[in-house]
Structure formats: structure tokens, C-alpha cells
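# Notes for the structure review
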Amino acid sequence: MTLGVPGPTDMNSKSNQTYEVAAKERTGLADVLRRFFDSDLWFSFRHSPVAIISMAVSILIVFSAIFAHWIAPTNPFDLAQIDLLDSEIPPVWLPDGDSRFLLGTDDQGRDIFSTILYGSRVSLLVGFASVVFAMAIGIPLGLISGYYGGYVDAVIMRIADVQLSFPAILIAFLIDGVARGVLPRAVHDEMALYVLVFAIGISGWVQYARTVRGSTMVEKNKEYVQAARVIGIRRGTILVRHILPNVLGPVLVIATIHLALAIITEATLSFLGVGVPVTSPSLGTLIRVGYDFLFSGVWWITIMPGVALIILVLAINMVGDWLRDALNPKLR
Amino acid sequence: MISFIAGRFAQSIVVMLTVGLIAFAMFRFVGDPINNMVGQDTTAEQREQLRERLGLNDPFYVQYARFALNAVQGEFGQSYFHRRPVSELLVERMPATLELSLIGAVLALVVGVPAGVYTALNRNGILSNLIMSGSLLGVSIPTFLIGIILILVFGVVWRVLPTFGRGDVVDLGWWTTGFLTASGLKSLILPSVTLALFQLTLIMRLVRAEMLEVLRTDFIKFAKARGILTRSIHFSHALKNSLVPVITITGLQLGSIIAFAIITETVFQWPGMGLLFIQAVLEVDIPVMAAYLVVIGFVFVFINFIVDILYFVVDPRLRADRAGSGH
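For every chain, the first residue of the written sequence is number 1, and numbering continues from 1 onward in sequence order. The order in which chains are written sets their letters, starting at A; the order in which ligands are written sets their numbers, starting at 1. Given that the model is predicted, a residue must reach a pLDDT of at least 70 before its local features are reported, and side-chain atom pairs must reach 80 or more before they are shown or counted; all residues, however, enter totals for whole chains, interfaces and linings. Side-chain numbers here rest on the full set of heavy atoms in the structure, without hydrogens or water.

## Considering the nonpolar core
Take the buried residues of types Ala, Val, Leu, Ile, Met, Phe, Trp, Tyr and Cys, join any two whose side-chain atoms come within 4.5 Å, and each joined set is a nonpolar core. Relative accessibility thresholds used throughout: buried, under 20% of the residue-type maximum; exposed, over 50%; partly exposed, between the two (1.4 Å probe, protein chains only). Counting residues in hydrophobic clusters, the biggest one holds 124 residues, and the most contacted among them are Phe173(A), Leu309(A) and Phe144(B). Core analysis: the second largest hydrophobic core is formed by 18 residues, Leu200(B), Met211(B), Ala223(B) and Val246(B) among them.

What follows is the structure in C-alpha cells.
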């Protein structure tokens with residue numbers, strides 16, 4: 001937003017003008033879009049084939065996961081649609097393949113392509129929710145820590161230091177283990193998704209807090225913040241309306257990479273049997289279920305969801321890599 | 001120097017006490033310890049006796065102090081699931097995990113550092129680009145999937161390497177080792193490669209980034225101007241200076257290797273502490289979980305402490321910094 005500084009003579013007309021500009025910018029979606037397409041970020045995106053492809057793949061996976069109901073050839077959880085006689089059919093390109101089952105079937109005759117679509121929905125859901133949860137804890141703590149400094153800062157950052165010296169996955173394991181102890185088994189299966197989101201989210205907040213704290217400490221001494229303080233805006237408002245938007249750039253990069261990591265963590269926990277239960281399997285659960293059949297030569301039950309997971313994580317990581325370089329002023 | 005070490009040491013103690021507190025709280029408040037120890041036909045009176053004998057009626061801080069004192073002596077009570085002392089289980093499983101982690105760490109370093117140096121020196125080479133793309137793939141494949149793929153290729157399709165267990169081990173009395181038998185060594189290959197791959201990519205990327213940073217600095221230009229051999233500049237000037245952060249992060253990564261061993265051990269049914277821990281999580285065997293937390297916590301705090309001191313010794317600039325900011 002361009003705030004015109006009112007000159008001494010034409011104060012009224014000038015400020016009217018700025019109001020108009022402001023109103024226009026706030027209302028016009030077209031303006032927002034135009035500004036986005038004019039931005040350096042969009043320029044960098046258009047000129048990076050890797051970014052375009054990986055973004056396209058990510059979006060494709062997200063959409064096919066969301067609309068799994070319509071896209072999947074069968075509903076793998078509807079018992080009427082599966083037939084045990086169809087079990088363990090290899091993918092179409094192998095000699096015994098069946099054209100109805102693109103990636104083959106599992107031990108119960110379910111179409112693996114369909115289970116992967118439904119599974120990636122669960123994986124993405126847990127991944128996104130964990131990232132949002134970690135941000136919801138990390139960003140406010142980072143803002144407070146960076147803005148207030150002193151004692152508050154020391155306490156928050158010491159906790160962050162201690163947590164950072166333990167690998168995230170270990171913390172997720174422990175939280176899950178404790179949840180198993182606290183909740184009765186039946187309730188735990190029902191709550192498994194929430195427990196996972198909590199465990200993965202808690203184990204990831206430190207990155208956000210540290211980054212936001214760092215940028216906040218830089219931003220809080222800038223003139224616009226001082227100006228806001230001078231005209232008597234409350235501290236909470238300054239933090240949320242003025243500082244927060246300016247520290248979100250690096251957060252976006254971390255969030256993208258954290259999303260990939262959260263999906264991996266979820267898959268790992270589910271693979272080890274402490275994550276999503278088999279009733280609504282994620283990619284990790286599918287891999288775990290298929291793992292039992294690996295040694296009998298029926299490799300596709302476990303490898304197909306594995307490949308799907310790798311493609312998903314790789315695509316997100318590549319978007320993250322590009323974003324980090326695009327937002328890094330040093331590399332421009 | 002002394003005050004810095006003392007400060008770090010005090011901090012380590014505080015962290016350990018906190019970890020101990022969490023472990024104790026888990027032990028004490030997740031489920032009722034008595035219910036987990038006795039059968040259903042135990043009378044209320046017997047339960048109360050046991051409760052009194054174990055000191056579960058004492059004030060919280062007394063219990064915690066007792067827990068901490070026992071933990072220091074390596075005593076963590078009975079496993080609910082295995083019905084054996086946790087300390088015995090840990091001692092039995094520890095050699096397997098440590099041997100696996102050691103080989104994994106050595107592999108990661110021996111391959112990771114040269115690969116990082118190579119990709120930094122030949123920035124635009126075909127092989128470098130290949131290695132860098134490979135490393136992105138390495139970061140994107142979860143550890144357990146690497147294990148599964150290796151098992152599929154070497155264990156199921158080619159049938160050349162064992163895919164589970166430690167093979168034959170030699171009992172040295174206080175330590176069981178797989179280093180001394182052929183099957184033990186063969187069994188080590190797949191798990192240690194699985195464990196090393198992720199760390200390897202991290203170390204390689206780090207060495208590359210640090211090398212590139214150092215190669216840009218003035219003293220490298222100056223060394224070139226003095227006519228020193230390129231090879232000598234690369235290895236005795238650039239590499240030496242880029243290794244400081246590498247040492248630190250590698251030290252910290254050592255800890256996470258032990259954590260990632262949980263995954264590797266489960267995939268390969270490797271009878272180490274990680275497998276013990278995952279079974280404990282599945283069976284809600286709280287004493288084992290608590291003990292594992294304390295042991296791993298100790299390993300981490302110890303490594304952090306050593307790394308901090310190493311960093312301080314190696315990099316003189318830090319001394320001035322730390323004195324100034326009062327860290």
C-alpha cells in the first residue's frame with residue numbers, strides 16, 4: 001500500500017487520494033491478482049521449469065486426494081465393491097495384470113490405485129493440520145519472544161533449545177506413546193489422527209518460533225513500527241497487523257519444507273504401527289500392511305504406496321527448494 | 001573457559017533433571033503402576049501393601065528424588081511387558097544399537113565429506129549435478145522406505161544379503177558383537193546403509209555449502225595470488241576452515257542417528273534399543289519408555305556438551321562473542 005505523505009498545501013486532496021487508493025486496493029481482487037503476477041516471485045516461478053513441474057505435480061496430487069471419491073475407480077472401503085478373487089493381481093504392465101486394476105490389487109482384492117488416492121488424502125490432511133498446528137504455536141511465541149525480549153524471550157528460547165536438541169521424530173514417538181497410555185484403546189484409535197497432529201505439530205514449532213523471533217527483532221526497530229508505536233497503537237495490534245505480515249516470507253519456506261517432513265513423519269509413525277489405524281489408512285499404513293507380503297514376492301502392495309509417497313514428498317520439497325532460493329535476496 | 005564449561009555443565013544438569021521429570025511423570029501418572037504390575041486376582045489389601053512398599057504414597061518430590069537417584073545408578077524398575085528389570089533389557093540391547101549407529105555414522109562421514117567437497121569444487125559438473133539431484137531424492141525418501149527398497153532388491157530379488165536380525169554374534173561377556181562373524185558383518189550392511197543414507201545427504205549438503213562459502217572469502221583469493229597450488233588451497237585452506245561447523249553438526253547428528261535407529265531397527269528386526277522402545281510404545285510399557293527417554297536424553301545432552309566445548313575450543317571468535325552476549 002502506498003501511503004502518500006500529505007504536503008503542507010494540498011493536504012485535503014492528497015489524503016482523499018490516498019483513501020481512494022487504499023479503498024481500491026482493498027476491494028479489487030483483480031488488483032491483488034495483478035500485483036501477484038507482477039511480482040518477482042511469479043517471474044522466478046515462470047522461469048523455473050523445475051518449479052512449474054513440481055508445483056503442478058503437488059497440485060495434481062492434492063486435488064486427486066481431495067476428490068478421491070470421484071476419481072478413484074472403486075471405493076476400497078466398500079465391502080460390496082471388492083472381491084477376494086481379485087486379490088494380489090500385479091500391476092497392468094506385468095504378465096498377469098488386469099486392466100481394471102492399474103497398479104494391481106492387495107491381499108483383500110482392493111484396487112491399489114484407489115487405496116493410494118484415499119491414503120494420500122489422510123496423509124495430506126495430517127500433514128497440513130500438523131503444519132498449521134505447529135505454526136499456531138510457533139509464530140505467536142516467536143513474535144512475543146522477539147518483540148518483548150528479556151526474561152520472556154530467554155524462557156521461550158531455552159525451551160526451544162532443549163527441544164531442538166532432540167530429534168522431532170523422537171518427540172512425536174513419546175507423545176504418541178503417552179497418549180496410548182492415557183487414552184483407552186478404543187478411544188485412542190478414534191483419536192489417532194488428532195494425537196498424530198498434536199505430536200507432529202508439537203515436535204515442529206521450534207523452527208517457526210526461531211525464524212519469526214529473528215525477523216521480529218529486525219522489524220521491531222524499523223521506522224514503521226516506531227511510527228505505529230508513536231501514534232499509540234496497542235502492542236498486540238502492532239504485532240499482528242504490522243510486524244506479522246512482514247515476517248511471514250521465511251515462514252512460508254519453512255512451512256513448505258515442514259509439510260514434506262510432516263508427511264514423512266506421519267508415514268514413519270504409521271509404518272511403525274503407532275500412527276493412523278488400518279480402518280482409514282494413510283500411505284504409511286498402506287506400506288506397513290503391504291510390508292508383510294514383500295517376502296512372498298507380492299511387492300507392489302507395499303512399493304506402490306511407497307512410490308506415491310516419494311513423488312508427493314519430492315514434489316513438495318522441490319517447491320520448497322525453489323521458494324527458498326526465490327525469496328533469498330542474496331541469490332537474486 | 002572454566003566459567004563457560006561450568007555454565008554449560010549446569011545447563012546440562014538442568015536439562016537432564018527436566019528429562020528425568022518428564023520420564024518420572026510418565027511413569028507415575030500414565031496409568032496406575034500397581035495395576036500394571038499385578039494380576040487381576042490381587043486383593044485391594046495386597047495392592048495397598050505393594051503401593052506402600054514401592055513408596056507410591058510418598059510426596060511427589062520424594063518419589064521423584066528416589067526415581068532420579070535410582071536412574072543415576074541405572075535402575076529403572078521392572079518392565080510391565082517383559083517382566084524383567086529394565087536395566088537388564090537395556091544392557092542387553094545396547095551393543096546392537098551402538099554397533100549399528102557407529103557403522104552408520106562412519107559410512108555417512110566417509111562418503112558424505114568427499115562427496116560434499118567434490119560437488120563444491122566442480123559446481124557445474126555433470127556428476128555434481130547428478131549427486132545433488134540424488135541428494136534431494138535422498139532427503140525425500142523416508143528412512144523406512146529406503147530400508148524396504150533395499151530389502152526388496154538385495155533380500156527378495158537377488159537374495160544376497162540377510163534382511164533381518166544381527167546374524168551370529170560373539171558374546172564377550174559384557175558386550176555382544178557382530179563384528180567378528182561373517183554373518184554378523186553381512187547382516188550389518190543393509191541396516192547401516194539405510195541408517196547412513198539420510199545423514200549422508202545432510203553432511204554432503206552441509207560440506208558443500210560451507211566449502212562454497214569459504215571459497216568465496218578473501219583469504220582464498222589471497223592464497224591464489226600468492227601462487228599456492230590449487231589442490232593445496234582446496235584441501236588445506238578451504239576444507240580445513242569449512243570443517244568447523246561440520247564437526248558440530250555431525251556431532252549433533254550422531255545423536256539423531258541413534259534416534260533414527262528406531263526406524264531402521266524396526267524395518268530390519270534388529271534387536272537393539274530402538275526395537276525395544278517401539279515395542280514399549282505399542283505395549284504401553286511405560287518403565288521401558290521412561291528409561292529409554294532418560295538414556296537417550298543423557299546421550300544427547302552429553303554429545304551437546306562435548307560439541308559446545310569443541311566448538312568453543314576450535315573457534316576463537318566465539319569466545320569474545322559469548323563473553324559479550326552472556327550466553
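## Describing the interface of chain A and chain B
Between chain A and chain B, the contact holds 38 residues from the first and 40 residues from the second. Each reported salt bridge corresponds to a side-chain nitrogen of Lys or Arg within 4 Å of a carboxyl oxygen of Asp or Glu. Remark: the boundary between chain A and chain B carries zero salt bridges. Elements that contribute at least two residues to the side of chain A that touches chain B include exactly α7 (150-164), α8 (168-182), α12 (235-271), α13 (283-291) and α14 (300-327) of chain A. A class-by-class count of the residues in the side of chain A that touches chain B yields 25 nonpolar, eight polar and five charged. What makes two residues a contact is simply this: any of their non-hydrogen atoms within 4.5 Å. Helix and strand labels come from DSSP, where a helix needs a run of H or I of at least four residues and a strand needs a run of E of at least two; each type is numbered from the N terminus. Think of it as three bins: nonpolar holds Ala, Val, Leu, Ile, Met, Phe, Trp, Tyr, Cys and Pro, charged holds Asp, Glu, Lys and Arg, and polar takes everything else, Gly as well.

## Details of the packing of aromatic side chains
Note on ring pairs: Phe, Tyr and Trp rings are taken, using the six-membered ring of Trp, and paired if centres are within 6.5 Å. Classes follow the plane angle, with under 30 degrees stacked, over 60 edge-to-face and the rest tilted. Taken as a whole and assessed by the stated rule, the structure comprises 20 aromatic pairs over all chains. Ring centres of Phe154(B) and Trp158(B) lie 5.6 Å apart, and the angle between their planes is 80 degrees; this geometry places the pair in the edge-to-face category. Clustering of aromatic rings is evident, with ring pairs tying together Phe271(A), Tyr291(A), Phe295(A) and Phe144(B).

## Brief notes about the UniProt feature "domain: ABC transmembrane type-1" (unreviewed entry) in chain B
UniProt positions are given in the numbering used here, feature names are shortened, and annotations may be inferred rather than shown by experiment. Mapped onto this numbering, the UniProt entry gives "domain: ABC transmembrane type-1" (unreviewed entry) at residues 94-311 of chain B. With 80% helix and 2% strand, residues 94-311 of chain B has end C-alpha atoms that lie 28 Å from one another.

## Here's the deal with the UniProt feature "transmembrane region" (unreviewed entry) in chain B
All names here are of chain B. According to UniProt, the feature "transmembrane region" (unreviewed entry) maps to residues 12-30, 100-121, 133-158, 243-270 and 290-314 in the numbering used here. Across residues 12-30 one finds 95% helix and 0% strand; the C-alpha atoms that close the span lie 26 Å apart. What you have in residues 243-270 is 89% helix and 0% strand, and the ends, taken at the C-alpha atoms, are 33 Å apart.

## Description of a nonpolar patch on the surface
Residue and element names in this part refer to chain B. Where nonpolar side chains cluster on the molecular surface, the patch consists of Leu-102, Val-106, Leu-109, Val-110, Val-111, Leu-172, Trp-174, Phe-179, Leu-180 and Leu-185 and spans about 950 Å² of accessible area. Counting residues per element, the nonpolar patch draws most heavily on helix α5 (residues 86-121), which supplies five residues. Residue placement: Val-106 occurs in helix α5. Take Val-106: its relative accessible area is 43%, and that puts it in the partly exposed class. Patch membership needs two things, relative accessible area over 30% and no salt bridge, and members are linked within 9 Å if like-charged or within 5 Å if nonpolar (Val, Leu, Ile, Met, Phe, Trp, Tyr). Shrake-Rupley sampling with a 1.4 Å probe provides the accessible areas, and residues are treated as covered by the protein chains on show and by no other component.

## A word on the packing of helix α9 (residues 218-225) of chain B against helix α10 (residues 230-267) of chain B
Two quantities define a packed helix pair, namely the angle between the axes and the distance from one axis to the other. Residues and elements named next belong to chain B. Following both chains from N to C, one finds α9 and α10 inclined at 165 degrees, their axes separated by 11 Å at the closest point. It follows from the interaxial angle that α9 and α10 lie roughly antiparallel. The crossing of α9 and α10 is right-handed. The residues of α10 that touch α9, namely those facing Phe-219, Ile-220, Ala-223 and Lys-224, are Ile-233, His-237, Ala-238 and Asn-241. Looking at the contact of α9 with α10, its residues break down into five nonpolar, two polar and one charged. Where helices are involved, their axes are fitted lines through C-alpha atoms of the stretch in contact, as for all axes, and angles between N-to-C directions lie from 0 to 180°. Roughly parallel means an angle under 35 degrees; roughly antiparallel, over 145; roughly perpendicular, 65 to 115; everything else is oblique. In this scheme, a crossing is called left-handed if the near helix is turned counterclockwise away from the far one by less than a right angle; it is called right-handed if the turn is clockwise.

## Digging into the confidence of the model for chain B
Residues and elements named next belong to chain B. Note: pLDDT gives the predictor's confidence per residue, expressed from 0 to 100. The pLDDT averaged across chain B works out to 84; a share of 96% of its residues lies at or above 70. Residue range residues 321-327 is modelled with pLDDT below 50. Its contacts to residues more than four positions away, or to other chains, number four contacts. Model confidence for the complex: the whole-complex pTM is 0.85, and ipTM, which rates the interface, is 0.83.

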